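Chain residues, written in single-letter form:
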Amino acid sequence: MKSLSQAIEAIRSALKEEVPPSAVEEAALIYAQLCSDVERRLDLVSAMLKKGSDYQALQVAEEDPPLLDLAASVSFGEEKNWQIYCDTHGLKVAPRVDLRIIQELEALYTRGISANHPLYKDFRAAVLSRDDSKSLRIVKTILKLNPQDDNARKELQRLENKALQEKIDLLREALKTDDEERIATLTEDIKAVAPASKLERLDVFEQGDNIRQSLRRRQAETRVPDMLLSMQKLKADGQWRQLGQMLGVLDAMFKEHQLSPSDAAQKAVLDELTGFHQKEKAANQKQRSFDLSLKSFLAFVDDVETRLLTGSGVTFEEIAGKDESFVKRWKELEAYQLPVATESLQRLRAAGQELRTRLEQMQRTKRLGSISLAAAALVLLGCISAVTLHAWKAWSLTQELASYQARENYSAAENLIKKLRTEEALLLRWPYLLAKIEDVSSWAAKTRITGKQAAEALLALENSFQGEQTKLTATQLVRQLNDADALVKQLGGDVATEPKNRFAALKTKVDLHLAAVLKKLTTSSSATLAKLEKRGSAELSHEKLASSVSASCTTIDKELLPLEALLKPEVPALAFPADLETRIRTLRQRLSTYQEDLRSFATIRRETAAAASLDDYRKAVAKWQTVKFAEATPSLKMLDTLPTEKIFQAALFTGGDLEVLQAVLDDKSGSYMAPDTLLEAELKVIMSLLHNENLNNIFESNVTHYSSKKTGSTLWSMGKPEETVIGGSKRWSAKFYAPDLEQTAVLFVQQSFTRAGEAGEYQGDALITSRLSQTSEFMNALDVGRISDEKGDRVLKPLLEVCDKLAQDTLGSPIAKAYVMLKFEDLLRLRPHAWGLHCCPSLQQDFHSLHQILGTTSLRSEDWLVPAMREKWQATLATFFKTLKERSYLREALAHRNYLRAATSAGLKFAGYVETDLSLVLNPQGRSAGELWVLGREGSKPLLVANPDAGKAAADNPKAIQAPDSMPLSPVFFVTTDRRALLKQYQDALSAHGLDLKPLPGKSLFLTHP
């Protein structure tokens, strides 16, 4: 019933003339609808009462809302005055409520009911069927009919408490879920049926009510944009009344949920819609008032025409009063400045002229009658002197002049003055007449001057037109029209007729001209706007590059500004239609959104360019994810791949190996390229080589068999064979291994060879030659035992030095050398950084190459003795070791260490970043660096970018440095040392010892880059 109470409050204000009729149109509709509903239900009740169906009548009366309550609400005590008001102002008239039926219904309630009434039966049936809602409705009706029924009152209280408790239980269960809508609905149901004092003590209700308020507030916030769009559509369709209703709903929603427009754009739209509604509402009120005035004027004219037609009993005072009322009504109608139908206008003018004619006739008659009466009085009263008659005549003429002046009858006043001056010169001797003549003459002269000015202004306007076109601008045209209007409004009576007619014609012509100008302007502007909208749709997209969108925004903004200037014309008649204005503002809003996004992006770009460290840059790149344009895409990948400075150093200096980089920073190998002491595992490797029976002290012997006269077979022995002379015989004894092409196992067996006889007649077997094998000589040359002291506590020489001897040896078996080399690798891998392996890329590569050659073959220390293994590997490994003759592992490692130490000590500095167009944005330090490093597209490896403008000021090198192979948004670094100087030192350190080793690719980009 809230809307009804508001409607009645508005009706009371209208009856007190506190608000205009247009403000209560909605209230009149609501009130009329409810009165019609009351009338319909009362008719049903009346029909049922006539049939004797009291019970059915009660059922109709008790439908929600109860009929008597609704009838009491619409009966506010001023129904008759409101009906007259609605008739007068053309509002919806509500039907009158039939009080007789209401009295009959009230009598039905007053009679009460007995215990056998059907209501009790229905109540019991509803209780048995557990229909609590129906039971509650019936028991309320019983109490209305029988207020003394205590049982019914107790049942009502029980049912109400039960219904409330059930709703509270449902609310308690709903609070355990995430269904906010159900919680809000249940809370509202509870609030509707329970008193506030009772709900204050319920925590579950308070919790539910908080959720309800939050949900309804969010829903209201969500509805606002859609409501604004709907209201903009209503505005475009000119439906201002429906727009006003929605504005009322929105205002109530704002007040209920304590909301406000979310941003300036939303507030501007709301203000625009409110202004439009107020403007249209005022225009409608003006039109309604005009229609009422015109209707009243026409009714007045009907009365005048009737009185003039009958003519009986018409007095001078009545005609003068009606003439004065006619002039007043005419001026009131003119004040609206609204067009009048030609038929009505002609009728009004005809009635005015007829009224004025009748008034002038009666004035002349009255004047003649007055003069005749005066003459008769003079004759009858001969005692009255001629002077008194003369004075009276002058006074009568003075009053007549005053009457003309009051009614603005300029022509009659001027004619009378002219007549007095020519025919009644003696009367001019009376001061009051003379003063009045001068006053009226001055007044008439001023009026004529004003009329002349008005005529000149109207003529100037008329001459400015050539057909339908004018040489004046719209502003000049309206200004001159307003000036002419002000002059014409100063005129009255007969002088004003022609200027007003001319002005009305000019006003129509000007309006048509302005309408044509507006149409032309609207057409051209709409075409321009359509192009801008099409361009905006095509070019303004967050999927495009910001640079492209920025250029489009600049162009569109430049072309949109002239259209926006037309939204505030100096001439209101040139105001754009609402739909076109909405389109312009919508495009501006869309453009502003993209401009704001561009400004935000520019701010992020400035923050990125101002980053002083990699951490600052990382934070800046994280903000790129908020960028809505296509440039934000690389930021996601960059955040995933953005290295730390240490990782970038590792990629630049040590092939991406962080452990190697840390070893360089900690100088694990030192300048000696060896640890101070040996590990137990390292000592075991060394001892295994020192005491390997298959490598050390192996002698090579040639055997001659005299009995078979075979010579040249070779045997291998552990140690030098022992020679023994017994008489004429000579014996050679040792553990011998005889190579067998079928066997791969090497077995040294104790064996003796004996030679007997004299020279030339020897019998048996003899060792012709016996010498230390070249492989054992190779092992002796390595001097593995000198790597540490005798106790194995302290390292005496670097292992890389021993590896140098292995690589430069030309005597030992390639198979044995390969086996020993692999053992050295095992030793080095135990502590590669302490032994300097990380500083010797060539040795790492040689190990790798050896493994590639051998594949899955695992060499044994005795394999160099096995014929099958020698046949398989001898040539291949010999070729491999031939390539190592120029190696100098220790020298290379020392040079590499010195270079890495110098480079890492110099450190890595942050220099800027790579823009999305692959141009470099450098800080002052970066601009002074000659070589810059970025992340490359291929594997995110460091990429060198030369800076040809190193050291120049930013203003001196406007052309940006391009890095086409780099990753977008890659950080830019530089090393503070001279890379080329380091490379030269590295090469000089190697060449000083006759070495010409090239740095291995992939091991150190900083060193290997050209």
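What you are looking at is a predicted structure, and each value in this text was computed from that prediction instead of being measured. (Residues numbered from 1 in each chain as written. Predicted model: local features only at pLDDT ≥ 70, side-chain atom pairs only at ≥ 80, totals over all residues. Heavy atoms only, no water.)

Looking at the overall build of the protein chain
So, step 1. Of regular secondary structure, the protein chain possesses 37 helices and 13 strands.
So, step 2. Looking at the 1010 residues of the protein chain, the share that counts as buried comes to 41%.
So, step 3. Taking all contacts inside the protein chain whose residues are at least 6 apart in sequence as the whole, residues at least 24 apart take part in 68%.
So, step 4. When the accessible surface of the protein chain is totalled, it reaches about 54400 Å², and 52% of it is carbon and sulfur. (Helix = DSSP H or I, 4+ residues; strand = E, 2+ residues; numbered from the N terminus. Buried < 20%, exposed > 50% of the residue type's maximum accessible area, 1.4 Å probe, protein only. Contact = heavy atoms within 4.5 Å. Areas by Shrake-Rupley, 256 points an atom, 1.4 Å probe, with all protein chains shown as cover.)

Thoughts on the environment of Gln874
So, step 1. Structurally, Gln874 is set in helix α33 (residues 867-882).
So, step 2. Taking the C-alpha atoms as reference points, Gln874 and Pro814, 60 residues apart in sequence, are found 6.1 Å from one another.
So, step 3. Those residues within four positions of Gln874 in sequence are excluded, and the remaining contacts are Ser813, Pro814, Ile815 and Met869.

Regarding the packing of helix α31 (residues 814-830) against α33
When two helices pack together, their arrangement is given by the angle between their axes and by how far apart the axes lie.
So, step 1. Packing of α31 against α33 leaves a shortest axis separation of 8 Å and a crossing angle of 70°. Looking at the two axes, α31 sits roughly perpendicular to α33. Across the interface between the two elements, Pro814, Ile815, Lys817, Ala818 and Met821 from α31 touch Met869, Arg870, Trp873, Gln874, Leu877, Ala878, Phe880 and Phe881 from α33.
So, step 2. Here the contact of α31 with α33 is composed, by residue class, of ten nonpolar, one polar and two charged. (Axes fitted to C-alpha atoms, helices over the stretch in contact; angles between N-to-C directions. Parallel < 35°, antiparallel > 145°, perpendicular 65-115°, else oblique. Nonpolar A, V, L, I, M, F, W, Y, C, P; charged D, E, K, R; others polar.)

Some points on the environment of Leu49
So, step 1. Take Leu49: it is sitting in helix α2 (residues 25-51).
So, step 2. Given a relative accessible area of 18%, Leu49 falls into the buried group.

Quick word on the packing of aromatic side chains
So, step 1. The final tally for this structure, using the stated rule, is twelve aromatic pairs.
So, step 2. With 5.5 Å between their ring centres and 40° between their planes, Tyr617 and Phe910 make a pair best called tilted. Residue Tyr617 is found in helix α24 (residues 614-623), and its partner Phe910 is found in strand β9 (residues 908-914); the two are separated by 293 residues along the sequence. Considered together, Tyr617 and Phe910 belong to a single accessibility category, that of buried residues. (Phe/Tyr/Trp six-rings, centres within 6.5 Å; stacked < 30°, edge-to-face > 60°.)

Description of helix α15 (residues 316-335)
So, step 1. The first and last C-alpha atoms of α15 sit 29 Å apart over 20 residues, in line with the 28 Å expected at 1.5 Å per residue.
So, step 2. Phi turns positive, to about 55°, at Gln337, one or two residues after α15. (Expected span 1.5 Å × (residues − 1).)

Points about the nonpolar core
So, step 1. If you look at the biggest cluster of nonpolar residues, it comprises 74 residues, and the most contacted ones within it are Leu560, Ile584, Tyr617 and Phe629.
So, step 2. Other than its neighbours up to four places away in sequence, Ile584 contacts Leu529, Leu560, Leu563, Glu564, Leu567 and Phe576.
So, step 3. Of all hydrophobic cores here, the second largest spans 55 residues; its members include Met673, Leu689, Met869 and Phe881. (Core = buried A, V, L, I, M, F, W, Y, C linked by side-chain atoms within 4.5 Å.)

A short note on unusual backbone geometry
So, step 1. Located in the positive-phi region is Met673, a residue other than glycine, with phi close to 60°.
So, step 2. Assignment of secondary structure puts Met673 in the loop between α27 (658-666) and α28 (680-690).
So, step 3. Met673 sits in the buried class, given a relative accessible area of 0%.
So, step 4. Not every positive phi belongs to a glycine, and Leu918 is a case in point at roughly 70°.
So, step 5. Residue position: Leu918 is located in the loop between β9 and β10 (920-922).
So, step 6. The buried category is assigned to Leu918, whose relative accessible area is 12%.

Focus on the pattern of salt bridges
So, step 1. One pass over the structure, following the stated rule, counts 30 salt bridges.
So, step 2. Between Arg217 and Glu221 there is a salt bridge, with the nearest N and O atoms lying 3.6 Å from each other. Of the two residues, Arg217 and Glu221 are both situated in helix α12 (residues 203-236); the distance of four residues between them amounts to about one turn of the helix.
So, step 3. The partly exposed category is assigned to Arg217, whose relative accessible area is 32%.
So, step 4. Residues Arg585 and Glu581 are paired through a salt bridge, measuring 3.1 Å at the closest nitrogen-oxygen approach. In this pair, Arg585 and Glu581 both sit in helix α23 (residues 578-609), four residues apart, roughly one turn of the helix.
So, step 5. For Glu581, a relative accessible area of 16% gives the class buried.
So, step 6. One network of salt bridges, in which partners are shared, links Lys235, Glu272, Glu581 and Arg585. (Salt bridge = Lys/Arg side-chain N within 4 Å of Asp/Glu carboxyl O.)

Some words on the pairing of strand β7 (residues 749-756)
So, step 1. Bridge count between strand β6 (residues 729-737) and β7: seven bridges; the pairing is antiparallel. Within the sheet, the bridge partner assigned to Trp732 lies in β7 and is Phe753.
So, step 2. Summarising the sheet, β7 and strand β8 (residues 763-772) pair through two bridges and their orientation is antiparallel. Looking across to β8, one finds that Ala756 is bridged to Gln763. (Pairing = 2+ DSSP bridges.)

A few points about the packing of helix α32 (residues 841-854) against helix α34 (residues 889-906)
So, step 1. The interhelical angle for the contact between α32 and α34, taken along N-to-C directions, is 130°, at an axis separation of 8 Å. As far as their axial angle goes, α34 and α32 are oblique. Taken together, the residues of α34 that come into contact with α32 (itself represented by Pro841, Ser842, Leu843 and Asp846) are Tyr889, Glu892 and His896.
So, step 2. Considering only residue class, the contact of α32 with α34 consists of three nonpolar, two polar and two charged.

Digging into the confidence of the model for the protein chain
So, step 1. Summary statistics for the protein chain give a mean pLDDT of 79 and a share of 82% for residues scoring 70 or more.
So, step 2. Contacts of residues 380-385 to residues separated by more than four positions or lying in other chains number four contacts, the stretch itself having pLDDT below 50. (pLDDT = per-residue confidence, 0-100.)

So, the environment of Lys909
So, step 1. Positionally, Lys909 belongs in strand β9.
So, step 2. Once the C-alpha coordinates of Lys909 and Ser613 are considered, the two residues, 296 residues apart in sequence, prove to be 8.1 Å apart.
So, step 3. Apart from residues lying up to four places away in sequence, Lys909 is in contact with Val972, Phe973, Phe974 and Thr976.

Re α33
Two residues of an α-helix separated by three or four positions point the same way, owing to the 3.6 residues in each turn.
So, step 1. Taking 1.5 Å per residue as the helical rise, α33 with its 16 residues ought to reach 22 Å, and the 21 Å between its terminal C-alpha atoms agrees with that figure.
So, step 2. Of all bends in α33, the biggest is about 45°, found at Trp873.
So, step 3. Taken together, the buried positions of α33 are Pro867, Met869, Trp873, Leu877, Phe880 and Phe881. (Bend = angle between axes of the 7 residues up to and from the residue.)

Focus: the side chain of Ser970
So, step 1. Considering the arrangement of structural elements, one finds Ser970 in the loop between β12 (942-946) and β13 (971-975).
So, step 2. The exposure class assigned to Ser970 is buried, which follows from its relative accessible area of 0%.
So, step 3. Among all residues touching Ser970, those that are not within four sequence positions of it are Tyr617, Met638, Gly912, Tyr913, Val914, Val934 and Leu935.

Examining the state of the cysteines
So, step 1. What the rule picks out here adds up to zero disulfides.
So, step 2. In this structure Cys86 is a free cysteine whose sulfur lies 9.9 Å from that of Cys35, the closest cysteine sulfur available.
So, step 3. On the basis of relative accessible area, Cys86 is assigned to the buried category, the value being 1%.
So, step 4. Free of any disulfide, Cys840 has its nearest cysteine sulfur in Cys803, 8.1 Å distant.
So, step 5. Residue classification places Cys840 among the buried residues on the basis of a relative accessible area of 0%. (Disulfide = S-S within 2.5 Å.)

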